[in-house]
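Listed below, chain by chain, are the residues.
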Amino acid sequence: MSDLPVRPDTPCVAVCSTTFDEVCRGCGRTVVEVAHWVSMSAEAKELVWQRILAQGYPRRNT
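Residues numbered from 1 in each chain as written. Predicted model: local features only at pLDDT ≥ 70, side-chain atom pairs only at ≥ 80, totals over all residues. Heavy atoms only, no water.

- Looking up the chain in an unreviewed UniProt entry gives the name DUF1289 domain-containing protein, with the organism given as Duganella lactea.

## Considering the environment of C12
Move 1: Mapping C12 onto the fold places it in the segment before α1 (31–36).
Move 2: In this structure C12 touches C27 and R29, once residues within four positions along its chain are discounted. (Helix = DSSP H or I, 4+ residues; strand = E, 2+ residues; numbered from the N terminus. Contact = heavy atoms within 4.5 Å.)

## Here we look at helix α2 (residues 42–54)
Structural remark: α-helix, 3.6 residues per turn; residues separated by three or four positions point the same way.
Move 1: With 13 residues, α2 extends 18 Å between its outermost C-alpha atoms, agreeing within 8% with the 18 Å of an ideal straight helix rising 1.5 Å per residue.
Move 2: Taken together, the buried positions of α2 are E46, V48, W49 and I52. Buried positions in α2, seen along its axis, are confined to an arc of 160° and lie on one side of it. Opposite the packed face of α2, turned more than 90 degrees from it, sit the exposed residues L47 and A54. (Expected span 1.5 Å × (residues − 1). Buried < 20%, exposed > 50% of the residue type's maximum accessible area, 1.4 Å probe, protein only. Arc of directions from axis to C-beta.)

## Brief notes about the environment of C27
Move 1: Position of C27 relative to the elements: it lies in the segment before α1.
Move 2: Taking the C-alpha atoms as reference, C27 lies 5.6 Å from Y57; in sequence the two are 30 residues apart.
Move 3: When residues no more than four places from it in sequence are discounted, the contact partners of C27 are P11, C12, V13, V34, I52, Y57 and P58.

## Focus on the side chain of R29
Move 1: Tracing the chain through its elements places R29 in the segment before α1.
Move 2: Here R29 sits buried without a salt bridge, and the closest side chain of opposite charge, E33, lies 6.1 Å off (N-O distance).
Move 3: Within polar-contact distance, the side chain of R29 engages the side chain of T10 at 3.5 Å.
Move 4: Residues contacting R29, with those up to four places away along its chain left out, are T10, P11, C12, E22, V23, C24, V34, W37, V48, R51 and I52. (Lys, Arg positive; Asp, Glu negative; His and termini not counted. Salt bridge = Lys/Arg side-chain N within 4 Å of Asp/Glu carboxyl O. Polar contact = N/O pair within 3.5 Å; in protein donor to acceptor, adjacent residues only side chain to side chain.)

## Focus: the environment of K45
Move 1: Within the secondary structure, K45 sits in helix α2.
Move 2: With 35 residues separating them along the chain, K45 and T10 place their C-alpha atoms 8.8 Å apart.

So, in structure tokens, the structure goes:
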């Protein structure tokens, strides 16, 4: 068993926008993180989760 918290498969909230920079306004991931999400290790995904949650993501309709 892993010590990692149980998370949804992806932080995507179907509010995809990188209009002003390289960070999605919906989920908080960078364009590179979104592109590589399916091949990232569970540990790498957890680091992304920790960062985006600390930054107030994922967001819906904001």
